[in-house]
Amino acid sequence: MPTFTDENSALGDINNRVRIPCCLPAMLGAFISIGAYLIARDTSGYGLWLPASLCFGIILTTLCFWSEKEEQMLILGDDPCLSSTATEKIKPDLTLWLRMQGVYVMSAVTIFGVLSLVGDPVFLVYLDWKGSFLNL
């Protein structure tokens, strides 16, 4: 039966496990902007799809923020038996929400702008995929 001299050696570094995932808004911004670009270009509805996708992304990042806040409320009074460092999580407040929204908006605007300039190959791949999907 193995024994461990350090409590973190069996579980890994606990501090790295409880960080807030700030890359999630950037990934949301990338996926939503690519989808909005393809749909807007296919339907020529830039005036409809751009505000709708930005609103949808803001709602998703707000839900991510609320889930982080709920998780913080769950572990705030918890005293884990292995280490008390697991409760040292960043408290979600307005600055975290603004930072998450800023990361989302900047990534969405950057990717949509790049796709608007040089997105023809991506759109052609989308049209090929759409054509092969409809022919099934």
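Residues numbered from 1 in each chain as written. Predicted model: local features only at pLDDT ≥ 70, side-chain atom pairs only at ≥ 80, totals over all residues. Heavy atoms only, no water.

Draft legend 1. Structural detail: the pattern of salt bridges. Within the structure shown, the criterion is met by 2 salt bridges. Across the pair D120 and R41 runs a salt bridge whose closest N-O atoms are separated by 2.8 Å. With D120 in helix α6 (residues 120-134) and R41 in helix α3 (residues 23-43), this pair connects stretches of sequence that are 79 residues apart. In this structure, D42 and K130 form a salt bridge, with 2.5 Å as the shortest nitrogen-oxygen distance. Residue D42 is located in helix α3, and its partner K130 is located in helix α6; the two are separated by 88 residues in the primary sequence. Looking at K130, the relative accessible area reads 29%, which means it is partly exposed. (Salt bridge = Lys/Arg side-chain N within 4 Å of Asp/Glu carboxyl O. Helix = DSSP H or I, 4+ residues; strand = E, 2+ residues; numbered from the N terminus. Buried < 20%, exposed > 50% of the residue type's maximum accessible area, 1.4 Å probe, protein only.)

Draft legend 2. Representation of the side chain of Q101. With respect to the helices, strands and loops of the structure, Q101 is situated in helix α5 (residues 94-118). The exposure class of Q101 is buried, given its relative accessible area of 8%. When neighbours within four sequence positions are excluded, Q101 is seen to be in contact with I58, T61 and T62. (Contact = heavy atoms within 4.5 Å.)

Draft legend 3. Main features of the side chain of S107. Summarising the element assignment, S107 is placed in helix α5. Classification of S107 as buried rests on a relative accessible area of 14%. Among the polar contacts listed, one links the side chain of S107 to the backbone oxygen of Y104, at a separation of 2.9 Å. Aside from chain neighbours lying at most four places away, what touches S107 is P25, A26, G29 and A30. (Polar contact = N/O pair within 3.5 Å; in protein donor to acceptor, adjacent residues only side chain to side chain.)

Draft legend 4. Just the packing of aromatic side chains, in detail. Taken as a whole, this structure holds 4 aromatic pairs when the rule is applied. Here the aromatic rings of Y37 and F112 are separated by 5.9 Å at their centres, their planes lie at 80 degrees, and the arrangement is edge-to-face. Placement of Y37 in helix α3 and of F112 in helix α5 is noted, with a sequence separation of 75 residues between them. Take Y37: its relative accessible area is 1%, and that puts it in the buried class. A relative accessible area of 14% means that F112 is categorised as buried. Here the aromatic residues F123, Y126 and W129 are joined through ring pairs into a cluster of three or more. (Phe/Tyr/Trp six-rings, centres within 6.5 Å; stacked < 30°, edge-to-face > 60°.)

Function cannot be read off these values alone, since they describe shape.
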